[in-house]
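These are the residues of each chain, in order.
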Amino acid sequence: MAWARVSLWAVCALRVALATVYFQEEFLDGERWRNRWVPSTNDSRLGHFRLSSGKFYGHKEKDKGLQTTQDSRFYAISVRFPPFSNKGRTLVLQYTVKHEQKMDCGGGYVKVFPADLDQRTLSAQSPYYIMFGPDICGFDLKKVHVILQFKNEYHANKKSIKCKVDGFTHLYTLILRPDLTYEVKIDGQSIESGSTDSDWHLASLRKSEQAVAPGLDPGRAETAQDWEKHFLDAGTSKPSDWNSELDGDWPGPMMQKPPYQDGLKPEGIDKDIWLHEKMTSTSCLTQYDLSEFENIGAIGLELWQVRSGTIFDNFLLTDDEEYAENFGKATWGQTKGPEKEMDDILVKEEVARAREEDEDELLAGRGHGPQGAFHRFHRQKEL
């Protein structure tokens, strides 16, 4: 049993060692975060951030993050890290956000930027690669944005992904895989997934690129009847005396496709593999990797909030899904329970104070009936 435990820990340690962590921020070094994060000076009216764990928390130090502090302001701040490309690799973007103020209208999303970002002039016009996270405004807008840059244009996920709207801390995770699949998680649970090829509006771009793709004759592409059609005869197999080293790759016998009308199956071909016309260039296919970015070098917050108080924490960029999951458990997973417990205690204390105020007003002859402090407290919680 002891050997099994040692082996398990060895496997876990190896897994962590294999993970590449591009950026990780927990704000555990106090005010030294100001040496890393650069606020934009693009506009003197931009709101300010402070380090805070809020009015209630699971752990006073571990839950400290960047908190918005001024109502009805734009916010812009970012941090750099060594540039990297996620081409051919998984990219996991993860962070926690807490709308302690019960967000009425404002953003809670993050942006991933190219390495050439000018941090001091960061604004809504600054180019970005990824925009991900919750956005809330009134009753109509309560969604998770997943916006990706492609050919200098921004493309939003076609699916409607609902975000959390309460005042507790939540863990948001976006996974972009090299097989062109993606996944969105909230609090460690998968809430949406699919293919970047089908869940983003790229059909018009694909058609326009294919129309001018080198190596394709537009006239021939329009009429498939003009192509020479052949099939591999799948009913045969390579001869046993075939020597690939001496004879080369076995080509397999070919079958001429007999003429037939649309909707009618050609006779004599039950098992076949269609050989598409070979293109001289495949660039029109590879450039549709919507989730690959060449020069990732910064992450930040660029958003608007009517009511301030949101706390951003536990930022992570990595190529390893398991590492991200374990990081989420070690941070948000450890403090989510105590956070709710502390909130429950504070709510009970507020209720008790409201009752005492009502009783004092009644004794003093200044009772306000249903509009007393107790009633007003519950109205505030609803808002």
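Residues numbered from 1 in each chain as written. Predicted model: local features only at pLDDT ≥ 70, side-chain atom pairs only at ≥ 80, totals over all residues. Heavy atoms only, no water.

Visitor: Now, about the pattern of salt bridges: what can you tell me, with residues and values included?
Guide: A full pass over the atoms with the stated rule returns 17 salt bridges. Glu321 serves as the salt-bridge partner of Arg177, at 2.9 Å between the closest nitrogen and oxygen. Here the residue Arg177 occupies a position in the loop between β12 (169–176) and β13 (181–186), and Glu321 occupies one in helix α6 (residues 321–330), the gap between them amounting to 144 residues. One salt-bridge network, held together by shared partners, links Glu25, Asp29 and Arg36. (Salt bridge = Lys/Arg side-chain N within 4 Å of Asp/Glu carboxyl O. Helix = DSSP H or I, 4+ residues; strand = E, 2+ residues; numbered from the N terminus.)

Visitor: Before we move on, can you summarise the state of the cysteines with the specific residues and values?
Guide: Using the criterion set out here, one finds 1 disulfide in the structure. The disulfide bridge from Cys105 ends at Cys137, spanning 2.0 Å between sulfur atoms. Here the S-S torsion is close to -85°, and the disulfide linking Cys105 with Cys137 is therefore left-handed. Of this pair, Cys105 sits in strand β7 (residues 105–107) while Cys137 is found in strand β9 (residues 130–137), placing the two residues 32 residues apart along the sequence. For Cys105, a relative accessible area of 18% translates into the label buried. On the basis of relative accessibility, which here comes to 32%, the residue Cys137 falls in the partly exposed class. (Disulfide = S-S within 2.5 Å. Buried < 20%, exposed > 50% of the residue type's maximum accessible area, 1.4 Å probe, protein only.)

Visitor: So, empty space enclosed by the protein: which residues are in play, and what are the values?
Guide: Going through the model one piece at a time under the given rule, you end up with 3 cavities of 30 Å³ or more. A volume near 90 Å³ is recorded for the largest cavity. Mapped onto the lining of the largest cavity, the elements with two or more residues apiece are β6 (91–99), β18 (310–318) and α7 (332–363). Class assignment of the residues belonging to the lining of the largest cavity gives a composition of 3 nonpolar, 5 polar and 4 charged. (1 Å grid on protein atoms, 1.4 Å probe; cavity = no way out; pocket = protein on both sides within 12 Å on 5 of 7 lines; lining within 4 Å. Points joined across faces, edges and corners; volume = space filled by probe spheres on them. Nonpolar A, V, L, I, M, F, W, Y, C, P; charged D, E, K, R; others polar.)

Visitor: Before we move on, can you summarise the pairing of β6 with the specific residues and values?
Guide: Of all 9 residues that make up β6, 9 are buried, and the element is covered over most of its length. Both faces of β6 are covered, namely the face carrying Leu91, Leu93, Tyr95, Val97 and His99 and the face carrying Val92, Gln94, Thr96 and Lys98.

Visitor: Requested: an account of the environment of Ala156, with residues and values cited.
Guide: On the secondary structure map, Ala156 appears in strand β11 (residues 153–156). Residue Ala156 is classed as partly exposed on the basis of its relative accessible area, which comes to 35%. With 44 residues separating them along the chain, Ala156 and Trp200 place their C-alpha atoms 6.3 Å apart. Apart from the residues within four sequence positions on either side, Ala156 is in contact with Val146, Ile147, Asp199, Trp200 and His201. (Contact = heavy atoms within 4.5 Å.)

Visitor: Now, about the nonpolar core: what can you tell me, with residues and values included?
Guide: Of all hydrophobic cores here, the largest spans 56 residues; its most connected members are Ile130, Phe132 and Phe315. Per-element tally for this core: the top contributor is strand β5 (residues 73–84), with 6 residues. In this view, Phe132 contacts Leu93, Tyr95, Tyr109, Val110, Val144, His145, Val146, Tyr172, Thr173, Leu174 and Val184; residues no more than four positions away in its chain are not counted. Ile175, Leu316, Ala324 and Phe327 belong to the second largest nonpolar core, which has 7 residues in total. (Core = buried A, V, L, I, M, F, W, Y, C linked by side-chain atoms within 4.5 Å.)

Visitor: Break down the packing of aromatic side chains for me, with residues and values.
Guide: One pass over the full model with this rule turns up 18 aromatic pairs. Ring centres of Phe23 and Trp37 lie 6.4 Å apart, and the angle between their planes is 70°; on these two criteria the pair is classed as edge-to-face. With Phe23 in strand β1 (residues 21–25) and Trp37 in strand β2 (residues 37–39), the pair connects residues that are 14 residues apart, well separated along the chain. Judged by relative accessible area, Trp37 falls into the buried class, the value being 2%. A network of ring pairs unites the aromatic residues Tyr22, Phe23, Phe27, Trp37, Phe81, Phe84, Tyr95, Phe132, Tyr172, Phe312 and Phe315 as a single cluster. The aromatic ring of Phe56 is capped on one face by Lys98, whose charged end is 4.1 Å from the ring centroid. Here the basic side chain of Lys340 rests over the ring of Phe168, its NZ or CZ set 5.5 Å away from the ring centre. (Phe/Tyr/Trp six-rings, centres within 6.5 Å; stacked < 30°, edge-to-face > 60°. Lys NZ or Arg CZ within 6 Å of the ring centre and 35° of its normal.)

Visitor: Summarise unusual backbone geometry; cite the residues concerned and give the values.
Guide: With a phi close to 65°, Asn152 is a non-glycine residue in the positive phi region. Position of Asn152 relative to the elements: it lies in the loop between β10 (141–150) and β11. Phi at Asn314 takes a positive value of approximately 55°, unusual for a residue other than glycine. Relative to the elements of secondary structure, Asn314 occurs in strand β18. On the basis of relative accessibility, which here comes to 5%, the residue Asn314 falls in the buried class.

Limitation: the analysis is restricted to geometry and does not speak to function.
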